[in-house]
Amino acid sequence: MTWQDYIDNNLIGSGFISAQILSSGDGSSWANSNGFSVSASEAQHILSCFKDSNKASAMGITINNVKNFVLKADDKSIYAKKDTGGVVLVKTNQTILVAIYNSNLQPGAAANFCEALGDYLREQGF
C-alpha cells in the first residue's frame, strides 16, 4: 500500500474531509488529499508541539491558516477543534497523520479512526 492509499482509502474513506501524511523527522509531505497541504511553517510548529505538548495547548494548532483550539496533546497525539470540525494529529515512529474533519464526523470517531491507523503503522514499523 502506498502512502497515498492510506490517505485516500483509510482517512478520506473514513469520512475526513482533508488529510496529509508528514515525516515525523523533518515535517516534509509524504502524501496528501487533493488540494490540501500543510505549510512548511505549520509542519514545523506541529513537530515542535509533539516535542512539547504544553506549546500545543498554549498556542493552538494552525492548519491551512485556520487556528484550532487544542483539547488534548501528548507525545503521540494532538486533538484540536474549530467550530463544528477539527483536526486529529497522530505521530508514529516515522510519520505524522494530519486528518481534518467537519460536522459529518463525530470528534470521538475521528480520533478513533486516526489512532487506529497510527497503531497499525506503528505495528508495521512506521
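Everything discussed here concerns the structure shown above.
Notes on the structure in this doc start here. This is a predicted model, so every value here is computed, not measured.

### Observations concerning the overall build of the protein chain
So, step 1. Looking only at helices and strands, the protein chain has four helices and seven strands in total.
So, step 2. Relative to its length of 126 residues, the protein chain is compact, with a C-alpha radius of gyration of 13 Å against a globular reference of 14 Å.
So, step 3. Structurally, the protein chain occupies a C-alpha span of about 35 × 30 × 25 Å along its principal axes.
So, step 4. Looking at the protein chain as a whole, 44% of its 126 residues are labelled buried.
So, step 5. Sequence-distant contacts, at least 24 apart, represent 44% of the contacts inside the protein chain between residues at least 6 apart.
So, step 6. Of note, the protein chain has its 9 positive side-chain charges centred 7 Å away from the centre of its 11 negative side-chain charges.

### Details of the side chain of His45
So, step 1. Position of His45 among the secondary structure elements: in helix H2 (residues 40–51).
So, step 2. The buried category is assigned to His45, whose relative accessible area is 16%.
So, step 3. Those residues in contact with His45 that sit more than four places away from it in its chain are Lys55, Met59, Gly60 and Ile61.

### Structural notes on the sheet that holds strand E4 (residues 66–73)
So, step 1. Read across the open sheet, the seven strands follow the order E2-E1-E7-E6-E5-E4-E3; overall the sheet is antiparallel. Each edge of the open sheet carries a strand with a single partner, namely strand E2 (29–32) and strand E3 (61–63). On average, each strand axis in the sheet is tilted by 25° relative to the strand beside it, whichever way the strands run.
So, step 2. The strands that H2 touches are strand E1 (18–23), E3, strand E5 (77–82), strand E6 (85–91) and strand E7 (95–101); relative to E3, the one it contacts most, it runs at about 150°.

Calculation notes
- Residues numbered from 1 in each chain as written.
- Predicted model: local features only at pLDDT ≥ 70, side-chain atom pairs only at ≥ 80, totals over all residues.
- Heavy atoms only, no water.
- Helix = DSSP H or I, 4+ residues; strand = E, 2+ residues; numbered from the N terminus.
- Rg over C-alpha atoms; globule rule 2.2 N^0.38 Å.
- Buried < 20%, exposed > 50% of the residue type's maximum accessible area, 1.4 Å probe, protein only.
- Contact = heavy atoms within 4.5 Å.
- Lys, Arg positive; Asp, Glu negative; His and termini not counted.
- Charge placed at Lys NZ, Arg CZ, Asp CG, Glu CD.
- Pairing = 2+ DSSP bridges.
- Axes fitted to C-alpha atoms, helices over the stretch in contact; angles between N-to-C directions.

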